[in-house]
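Given next are the chains, with one letter for each unit.
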Amino acid sequence: MPGTSPARFAYKADRLKPLRAFCQVARLGSVSRAAEALFLSQPAVTLQLQALERDVGLPLLERNGRRLTLTREGEALYDLARPLVEGLDTLDAMFRDRIRGLDAGELHVAAGASTIVYLLPRIVEAFRAEHPDIRLILHNVTGARGLNLLRDDGADLAVGSMLDVPGDLAWQPVVSYDPMLITPRDHVLATKPGIELADLSPFGLILPPQRQTTYRMVDLVFQRAHVPYTVALEVGGWEVIKQYVAMGLGISIVTAICLTDADAARLASRSLSSFFPSRSYGVVTRRGRQLSPQARAFIDLVHRLGPAPREA
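Calculation criteria
Residues numbered from 1 in each chain as written. Predicted model: local features only at pLDDT ≥ 70, side-chain atom pairs only at ≥ 80, totals over all residues. Heavy atoms only, no water. Helix = DSSP H or I, 4+ residues; strand = E, 2+ residues; numbered from the N terminus. Expected span 1.5 Å × (residues − 1). Buried < 20%, exposed > 50% of the residue type's maximum accessible area, 1.4 Å probe, protein only. Arc of directions from axis to C-beta. Contact = heavy atoms within 4.5 Å. Phe/Tyr/Trp six-rings, centres within 6.5 Å; stacked < 30°, edge-to-face > 60°. Salt bridge = Lys/Arg side-chain N within 4 Å of Asp/Glu carboxyl O. pLDDT = per-residue confidence, 0-100. Core = buried A, V, L, I, M, F, W, Y, C linked by side-chain atoms within 4.5 Å.

A.B. asks: Got a minute to help me understand helix α3 (residues 42–56) in this structure?
C.D. replies: An α-helical segment advances 3.6 residues per turn. Residues three or four places apart therefore align on the same side. Helix length check: α3, at 15 residues, gives a terminal C-alpha distance of 21 Å against a target of 21 Å (1.5 Å per residue), a fit within 8%. All of the buried residues in α3 are V45, Q48, L49, A51, L52, D55 and V56. What you see down the axis of α3 is that its buried residues fit within an arc of 160 degrees, all on one side. Seen from the open side of α3, the exposed residues pointing more than 90 degrees away from its buried face are P43, L47 and R54. Looking at the buried residues of α3, the elements they touch are α1 (16–28), α2 (31–38), β1 (61–64) and α4 (72–89). Just past α3, the residue G57 takes up positive phi, approximately 75 degrees.

If you want it as structure tokens, here you go:
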């Protein structure tokens, strides 16, 4: 428009520092946490944010309770600045990886226990065979801990199951598994024809802790169907759950990924896909972050080997 000029950065010779401070505050939601991540004082970060807002002529951040959030203009700048800042910050490592080639360095993968035990063994075996000089570190973490590790650069990628995908992360589902009812082999539900959700009500369920996805999904399905249910025992780990079911301490709803041929001797299983959604497993990465050659090679193996030849 006549009489107006576009927003302009006045500090062209030192543009990266304010943009880096802005991106860290946007990612962490706090000036103090951003200052710690940048090894700067809080006043220094605040001055850089003020200079950035002054030079673009627009508000970029606003306070929402104790957390700083992006304005609409801030979101637009963050989408543009984040890949540039992260690309420059990782340039040295990326350059060293490129010079040394693929078969060097290390790769950090975050995953939950069930993913590590049931999904990743074939993938890890193939990765080690193809890239023996890469040090592979598996972080056994679940839920928010795994995502925070990814956000804080403690992991290059994560593998597992997700219900809700935050906006700063990218999710690539690879393989799905049916929800399964497991009981002792002599249980009345093992051979009952035409099983209904209400048939599970008289029997105590053995479920993972409430904070985990499986428990939340079971509760949601029963609540929506207005079917009562009882939790007899909460315990972590599919192997422990299967053992307790085999002992006759209750029944359970698990994902088919955890059922092996050896389980058929002690457990009866049947699909509950008519009542519960299937569980997808895949790869989680940070949006805008450039993946190393090692990470790309691992993700390629997940896509090639992830769909295990196992039927419900």
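A.B. asks: When you look at the packing of aromatic side chains in this model, what are you seeing that I'm missing?
C.D. replies: The geometry of an aromatic ring pair is captured by the separation of the ring centres together with the interplanar angle, meaning the angle of the planes. Enumeration according to the criterion identifies 5 aromatic pairs in this entry. Taking 5.4 Å as the distance between ring centres and 70 degrees as the angle between the ring planes, the aromatic pair formed by F127 and F298 counts as edge-to-face. Of this pair, F127 sits in helix α7 (residues 121–130) while F298 sits in helix α11 (residues 293–305); the two residues are 171 residues apart in sequence, bridging distant segments of the chain. F298 carries the same exposure label as F127, and that label is buried. One aromatic cluster is present, formed by F222, Y229 and F276 through successive ring pairs.

A.B. asks: Is there a simple way to think about the pattern of salt bridges in this case?
C.D. replies: Once the charged atoms of two side chains with opposite charge are near each other, the side chains can pair. Under the criterion given, the structure shown has 13 salt bridges. The salt bridge involving D153 is made with R289; its shortest N-O contact spans 3.6 Å. With D153 in the loop between α8 (143–151) and β5 (157–161) and R289 in the loop between β12 (279–286) and α11, this residue pair connects regions lying 136 residues apart in the sequence. By relative accessible area, D153 is classed as partly exposed at 46%.

A.B. asks: Any chance you could explain the confidence of the model for the protein here in plain terms?
C.D. replies: Interpretation of the predicted coordinates at a detailed level should be avoided for regions scoring low in pLDDT. On average, residues of the protein score 86 in pLDDT, and 90% of them reach the 70 mark or higher. Predicted confidence is poor over residues 1–7, with pLDDT under 50, and the contacts of this stretch with residues over four places away or in other chains come to 2 contacts. The model gives residues 9–13 a pLDDT under 50, and that stretch makes 9 contacts with residues more than four places away or in other chains.

A.B. asks: How should I be thinking about the nonpolar core in this particular structure?
C.D. replies: Note on soluble globular proteins: their nonpolar side chains tend to be buried together. In terms of nonpolar packing, the biggest core is built from 38 residues, with L107, F127, L157, V254 and F298 touching the most fellow members. Among the elements that take part in this core, α11 stands out by supplying 7 residues, more than any other. Filtering out sequence-adjacent residues up to four positions away, F298 remains in contact with L107, V109, L120, I123, F127, L136, L157 and V159. Ranked by size, the runner-up nonpolar core spans 22 residues in total, among them F22, L49, L61 and L70.

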